[in-house]
Amino acid sequence: MLGKDFRALEIGPRRVFEYESVYFDTPELEQFRAHRQGRRRRYKVRTRTYVDSGLCMFEVKFKGQRGQTVKHRMPYQLQDSFRTAPG
């Protein structure tokens, strides 16, 4: 149903996975405003925790010229992720 350009991630019988993101920004919310204004050149800094596996990553995503997106990520300690408490 997705067409030939898309695929669904499926691990075992599951296709839905939970993740939690914590975004970092300036006190003036510069990155949020850049996103809302549709600026072509912008970036995001976040931690992303994949709840089902407990994997946590620190990510920086750059949106550059011609809509290209480049993401850099590295492992991050779950206890340092500012993740909310379960439940």
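Residues numbered from 1 in each chain as written. Predicted model: local features only at pLDDT ≥ 70, side-chain atom pairs only at ≥ 80, totals over all residues. Heavy atoms only, no water.

Engineer: Now, about the sheet that holds strand 2 (residues 42-50): what can you tell me, with residues and values included?
Structural biologist: Taken together, four strands build an open sheet; the order of strands is 1-2-3-4 and the sheet is antiparallel. Two strands close off the open sheet at either side, each with one partner strand: strand 1 (19-24) and strand 4 (69-75). Strand after strand, the sheet turns through a mean of 25° between neighbouring axes, direction not considered. Strand direction decides the pairing type here: strand 2 and strand 3 (residues 55-63), joined by nine bridges, are antiparallel. Looking at the pairing, Arg48 lines up with Met57 of strand 3. (Pairing = 2+ DSSP bridges. Helix = DSSP H or I, 4+ residues; strand = E, 2+ residues; numbered from the N terminus. Axes fitted to C-alpha atoms, helices over the stretch in contact; angles between N-to-C directions.)

Engineer: Summarise the pattern of salt bridges; cite the residues concerned and give the values.
Structural biologist: Counted according to the given criterion, the structure contains four salt bridges. Two residues, Arg15 and Glu10, come together in a salt bridge whose shortest N-O distance is 2.9 Å. One connected set of salt bridges, linked through shared partners, spans Arg46, Glu59 and Arg73. (Salt bridge = Lys/Arg side-chain N within 4 Å of Asp/Glu carboxyl O.)

Engineer: Report on the pairing of strand 3, specifying residues and quantitative values.
Structural biologist: Taking the residues that link successive antiparallel strands as the turn, the strand 2-strand 3 hairpin has four residues, and the phi of Gly54 there is positive, at about 80°. Of the pairings in the sheet, the one linking strand 3 to strand 4 comprises seven bridges and is antiparallel in character. Bridge pairing links Lys63 to Thr69 in strand 4. Linkage of strand 3 to strand 4, two consecutive antiparallel strands, is achieved through a turn of five residues, within which Arg66 is found at a positive phi near 55°.

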